[in-house]
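This is what each chain is made of:
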Amino acid sequence: MTTNNGSSPLDVEIGALQGGSADLSQYAGKAVLVVNVASKCGLTPQYTGLEKLHEQYAARGFTVLGVPCNQFLGQEPGSADEIAEFCSATYGVTFPMTEKVEVNGEGRHPLYDRLTGFADAEGHSGDIRWNFEKFLIGRDGGVLARFSPQTEPDAPEVVAAIEAQLA
């Protein structure tokens, strides 16, 4: 299953947080939880749960992919180095991070063009509502699930969706 335009989000080019390409094609055949992240948000403690998911399932073909975004009340104002240092020092983040991008509006990154057409369980599709909105991309490269920003990374529905891809 692929997104509305028939292409996988993993076909998009996006830079890595600290330069070079994030090379999303390396995740083909894996399950990927794409999350727009921010360092100064009330939901920032979700980094702990995201890192736990990454550590728990990485050996089984899963990764979290953090996508910094500063579009929600300027809650990710830092440079790439500042973001990397914050995530590592504060939350022990080891999962990959992309460059900072826009997820909504005219400057929306093509990655989010391919994600936002997918609806969550409540039927919301379109613009990202806030930091820490989550999308699960399956092993086939298609978007399988969308979770609201308030849905914790260890919520039963998130864990069940990941485990179904790793079975």
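Our subject is the structure that appears above.
Residues numbered from 1 in each chain as written. Predicted model: local features only at pLDDT ≥ 70, side-chain atom pairs only at ≥ 80, totals over all residues. Heavy atoms only, no water.

Re the overall build of the chain
Thinking step 1. The helix and strand inventory of the chain stands at 4 helices and 4 strands.
Thinking step 2. Starting at the N terminus, the α and β elements of the chain follow one another as β-α-β-α-α-β-β-α.
Thinking step 3. The dimensions of the chain, computed from C-alpha atoms along their principal axes, are 35 × 35 × 30 Å.
Thinking step 4. Per-residue burial over the chain gives 53% buried out of 167 residues. (Helix = DSSP H or I, 4+ residues; strand = E, 2+ residues; numbered from the N terminus. Buried < 20%, exposed > 50% of the residue type's maximum accessible area, 1.4 Å probe, protein only.)

Regarding the pairing of strand β1 (residues 31-37)
Thinking step 1. Of all 7 residues in β1, 7 are buried, a share of seventy percent or more.
Thinking step 2. Because side chains alternate across β1, one face comprises the buried residues A31, L33, V35 and V37, and the other comprises V32, V34 and N36, equally buried.
Thinking step 3. Pairing geometry for β1 and strand β2 (residues 62-68), over 7 bridges, is parallel. Within β2, the position partnered with A31 by the bridge is F62. (Pairing = 2+ DSSP bridges.)

Observations concerning the pattern of salt bridges
Thinking step 1. What the rule picks out here adds up to 5 salt bridges.
Thinking step 2. Residue D127 is joined to R108 by a salt bridge in which the shortest nitrogen-to-oxygen separation is 3.0 Å. Taken as a pair, D127 in the loop between α3 (110-115) and β3 (134-137) and R108 in the loop between α2 (80-91) and α3 lie far apart in primary sequence, 19 residues in all.
Thinking step 3. Judged by its relative accessible area of 18%, R108 is buried.
Thinking step 4. For E133, the salt bridge is made with R129, and the minimal N-O distance between the two is 3.0 Å.
Thinking step 5. A cluster of three or more residues bridged by salt bridges with shared partners is formed by D120, R129, E133 and R146. (Salt bridge = Lys/Arg side-chain N within 4 Å of Asp/Glu carboxyl O.)

Considerations on the state of the cysteines
Thinking step 1. Under the defined criterion, the tally for this structure stands at 0 disulfides.
Thinking step 2. Unpaired in this structure, C41 has its nearest cysteine sulfur neighbour in C69, at a distance of 11 Å.
Thinking step 3. Assessed through its relative accessible area of 8%, C41 is described here as buried. (Disulfide = S-S within 2.5 Å.)

What to know about the packing of aromatic side chains
Aromatic ring pairs are reported here in terms of the distance separating the ring centres and the angle at which the planes meet.
Thinking step 1. Within this structure, the stated rule accounts for 7 aromatic pairs.
Thinking step 2. For the ring pair Y47 and F95, a centre distance of 6.3 Å and an interplane angle of 20 degrees mean the geometry is stacked. Of this pair, Y47 sits in helix α1 (residues 46-57) while F95 is found in the loop between α2 and α3, placing the two residues 48 residues apart along the sequence.
Thinking step 3. Residue F95 is classed as buried on the basis of its relative accessible area, which comes to 4%.
Thinking step 4. When the centroid spacing of 5.4 Å and the interplanar angle of 50 degrees are considered together, the rings of F72 and W130 count as tilted. Here F72 is found in the loop between β2 and α2, whereas its partner W130 is found in the loop between α3 and β3, with 58 residues between them in sequence.
Thinking step 5. When its relative accessible area of 8% is taken as the criterion, F72 is described as buried. (Phe/Tyr/Trp six-rings, centres within 6.5 Å; stacked < 30°, edge-to-face > 60°.)

A word on the packing of α1 against α2
Thinking step 1. Running from N to C, α1 and α2 cross one another at 80 degrees; their axes reach a closest spacing of 10 Å. What the angle tells us is that α1 and α2 run roughly perpendicular. Within the contact between the two elements, α1 uses Y47, T48 and E51 and α2 uses F86, C87 and Y91.
Thinking step 2. Partitioned by chemical class, the residues of the contact of α1 with α2 number 4 nonpolar, 1 polar and 1 charged. (Axes fitted to C-alpha atoms, helices over the stretch in contact; angles between N-to-C directions. Parallel < 35°, antiparallel > 145°, perpendicular 65-115°, else oblique. Contact = heavy atoms within 4.5 Å. Nonpolar A, V, L, I, M, F, W, Y, C, P; charged D, E, K, R; others polar.)

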